[in-house]
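Listed below, chain by chain, are the residues.
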Amino acid sequence: MDTLIAQLQRQFRDYTISLYHQGFLDDQFTELKKLQDECSPDFVAEVVTLFFEDCEKLISNMARALDQAGNVDFKLVGSSVHQLKGSSSSVGAKRVKGLCITLKECCDSQNYEGCVRCLQQVDIEYKTLKAKLQDLFNLEQQIVQAGGRIPQVDI
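Fair warning: this is a prediction, and the values are worked out from it, not measured in the lab.

The rules behind these values
Residues numbered from 1 in each chain as written. Predicted model: local features only at pLDDT ≥ 70, side-chain atom pairs only at ≥ 80, totals over all residues. Heavy atoms only, no water. Helix = DSSP H or I, 4+ residues; strand = E, 2+ residues; numbered from the N terminus. Buried < 20%, exposed > 50% of the residue type's maximum accessible area, 1.4 Å probe, protein only. Contact = heavy atoms within 4.5 Å. Lys, Arg positive; Asp, Glu negative; His and termini not counted. Charge placed at Lys NZ, Arg CZ, Asp CG, Glu CD. Phe/Tyr/Trp six-rings, centres within 6.5 Å; stacked < 30°, edge-to-face > 60°.

Moving on to the overall build of the chain. Within the chain one finds six helices and zero strands. Projected onto its principal axes, the C-alpha coordinates of the chain cover approximately 60 × 30 × 20 Å. Out of the 155 residues in the chain, the part that is buried amounts to 39%. The contacts of the chain with a sequence gap of at least 6 include a subset with a gap of at least 24, amounting to 67%. Measuring between centres, the 17 positive side-chain charges of the chain sit 3 Å from its 22 negative side-chain charges.

Below is the structure:
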């Protein structure tokens, strides 16, 4: 059993480090993790779940607004992307945040094609991050179920 726990913990460390090195996460995610303790063991998962629910709504709103070809409300799209950028920043979703900055620039210059292209990239990136964080949370659950402790990962 100890070997299994050690293996899962090593896998958790390696996977977490890879998420930072590949640019999916930044230091804000580390800060968020520090707020989690025994009293709130699912804190990060809950915050991230709310973030992803917010992402879906905002991306959907922006897609609908951009669907109005010839009559796009760039102000509405810009407002939604600003919200998404803030949410991304607070959970440490580095790539999503970076794409939001580019999308906001496209909105500001009323570049329709750029907005559509960027929004597609944001959608792909958020879905990729969601899957990767779900894998990370699953690893955490496996460690706890095996009787181990989630290791501290220093980046």
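Any pair of aromatic rings gets described here by the distance separating the centres and the angle formed by the planes. Using the criterion set out here, one finds two aromatic pairs in the structure. Measuring from centroid to centroid gives 5.1 Å for Phe51 and Phe52, while their planes differ by 55 degrees, and the two rings are tilted. Accessibility expressed as a relative area gives 4% for Phe51, which makes it buried. You can call Phe52 buried: its relative accessible area is 5%.

Here Gln28 lies in helix H2 (residues 27-34). Looking at Gln28, the relative accessible area reads 34%, which means it is partly exposed. For the pair formed by Gln28 and Gly92, sequence separation is 64 residues and the distance between their alpha carbons is 4.4 Å.

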